[in-house]
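Coordinate inspection notes
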Protein chains: 2
Amino acid sequence: MGDQQEKDALFDALAEAAKALGNGRRAQLIDILGQGERSVDELAAEIHQSMANTSQHLQRLLRAGLACSRRSGTRIYYSLASPAVERLWRALRETAEAHSGELGDLVRAYVGDRDGLSMITRDELLLRLRQGDVVVLDVRPQPEYEAGHIPGALSVPFSDVKSRLREVPQGSEIVAYCRGPYCLYADEAVRLLTDEGRLATRLEEGFPEWKAAGLPIEHSAT
Amino acid sequence: MGDQQEKDALFDALAEAAKALGNGRRAQLIDILGQGERSVDELAAEIHQSMANTSQHLQRLLRAGLACSRRSGTRIYYSLASPAVERLWRALRETAEAHSGELGDLVRAYVGDRDGLSMITRDELLLRLRQGDVVVLDVRPQPEYEAGHIPGALSVPFSDVKSRLREVPQGSEIVAYCRGPYCLYADEAVRLLTDEGRLATRLEEGFPEWKAAGLPIEHSAT
DNA sequence: TTCTTATTTAAGTAGGTACTTGAATAAGAA
DNA sequence: TTCTTATTCAAGTACCTACTTAAATAAGAA
């Protein structure tokens, strides 16, 4: 007990979990899995990688204890191992953001200019929901909506917003949300709706943050 | 804006911070830096690595935005870049611990059996401090005590406990603390004191957790 | 049974990482 | 100035990682 070799082994094991997060593709997988469970082929499509490569990344997450999997017929569904993983991912983002400069530039390069974009916080949305004068739009892909969404939200995946405009109730303000701060679905939806003359706003954060705050969640009957 | 290449670059940058933590030696450095700033040679001695290798690890932490450094004469002192890093490190530990099994075994192998060890929580210690019937012992190395400690604590580094027994006031219960749950200094101090017939207890957590909880801290006049 | 689809495994390669050793800086002391 | 000490840099090597392609499983459908 207490010798250097064992100490090194302990810290190596802790570092294993960090290594699992230490790859851009796996970080994306964690971000997506934060929305709910997904199959390997869906995940491969999301991160634009081959099935083989995606499978290997997922198994790395499995081994590190960040993800878990279940088989259903011919498909295998992966999900985050515990809420602690969600906290770890958020802490990593906050740390990287505090290291001002580089990451900010990359976010700006990917996300573009959000200056003209109307945004509201979670607390504001809660208030408006109680008043009952907003329509909430979940613009993430359908499977993520089905795995869990803000109660009362309508599922209109980003790619369908334009064609399904008529389904969105008129008259009240629209609040769109997606995966989180690094997700553009809600941004684009708000821009599109605004162009159509609707009053639309983006929720600052995404579904995982809503869930992590302990707020109520609705699941689709399957 | 919004293309795959930029998205990959953004997540690669986030993964960079995780990669920096993804090495046992650097994880140890982060754990030690959580106690306060230290010079390169002190850190090299702590992790039992060469100066060159330690320096390279520290520069990796620097580049990733997890650490920062300042020069003072011929020495360069490294410290954590922000409290967010401390949160990240804690989240990583919690995640790894949730992945029951392997890590538990490694902790047990390094830490040994804590069953016979008397422990108190932070809240209990706060209560006892208010009652004024405890002596608090900081058994970490002197530089860590100087960089910040629990108010009123006496600095008796682990290696000196045996020879400096007389300095520890008799009559009241002793509470020893160190770096945190993976640190053995307080364990050993409590065993030693108990063998000498003193009433000694270990603080469950360490100094970084005390600091993170926003509790008061005392610094040595230098 | 054979066929199909989803996933994993195996093998190979280019590039990255963690150490080592020895030389180069950089600040202060003599 | 030279000497000393703390730190960094440079170059080399053994090992590890992220991807590729092609073959192997594994479950369900026909």
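Fair warning: this is a prediction, and the values are worked out from it, not measured in the lab.

Calculation notes
- Residues numbered from 1 in each chain as written.
- Chains lettered and ligands numbered in written order.
- Predicted model: local features only at pLDDT ≥ 70, side-chain atom pairs only at ≥ 80, totals over all residues.
- Heavy atoms only, no water.
- Helix = DSSP H or I, 4+ residues; strand = E, 2+ residues; numbered from the N terminus.
- Rg over C-alpha atoms; globule rule 2.2 N^0.38 Å.
- Buried < 20%, exposed > 50% of the residue type's maximum accessible area, 1.4 Å probe, protein only.
- Polar contact = N/O pair within 3.5 Å; in protein donor to acceptor, adjacent residues only side chain to side chain.
- Domains from an automatic or database assignment.
- Contact = heavy atoms within 4.5 Å.
- Buried area = accessible area lost by both parts, 1.4 Å probe.
- Near = heavy atom within 4 Å.
- Nonpolar A, V, L, I, M, F, W, Y, C, P; charged D, E, K, R; others polar.

Topic: the overall build of chain A
- Along chain A, the regular secondary structure elements total 10 helices and 8 strands.
- Expected size for 222 residues packed as a compact globule is a radius of gyration near 17 Å; at 19 Å, chain A falls within 12% of this value.
- If you line up chain A on its principal axes, its C-alpha atoms span 70 × 45 × 35 Å.
- Split into buried and exposed, the 222 residues of chain A put 50% on the buried side.

Some details on the environment of Tyr177(B)
Residues and elements named next belong to chain B.
- Turning to its location among the elements, Tyr177 is positioned in strand E7 (residues 173-177).
- On the basis of relative accessibility, which here comes to 0%, the residue Tyr177 falls in the buried class.
- In this structure, the C-alpha to C-alpha distance between Tyr177 and Val136, residues 41 residues apart in sequence, is 7.7 Å.
- A distance of 3.1 Å separates the side chain of Tyr177 from the backbone nitrogen of Ile150, its partner in a polar contact.

Some words on the domain arrangement of chain A
Residues and elements named next belong to chain A.
- If you check the domain split of chain A, you get domain 1 (4-89) and domain 2 (113-212).
- The C-alpha-based centres of domain 1 and domain 2 are spaced at 28 Å.
- Every contact between the two is made by 9 residues of domain 1 and, on the other side, 10 residues of domain 2.
- Here domain 1 and domain 2 share an interface that buries about 800 Å² over both sides, 49% of which is from carbon and sulfur atoms.

Brief notes about the protein's contact with DNA strand C
- Among the 24 residues in the neighbourhood of DNA strand C, the closest are listed as Asp41(A), Ser55(A), Gln59(A), Tyr78(A) and His57(B).
- Near the protein, within 4 Å, the atoms of DNA strand C are sugar or phosphate in 75% of cases.
- The side chain of Ser55(A) places a nitrogen or oxygen atom 2.6 Å from a phosphate oxygen of DNA strand C.
- Interatomic distance of 2.5 Å between a side-chain N/O atom of Gln59(A) and a phosphate oxygen of DNA strand C.
- Listed by contribution, the elements that provide at least two residues to the surface near DNA strand C are helix H3 (40-46), helix H4 (51-63) and strand E3 (75-80) of chain A together with helix H2 (24-33) and helix H4 (51-63) of chain B.
- Considering only residue class, the surface near DNA strand C consists of 6 nonpolar, 12 polar and 6 charged.

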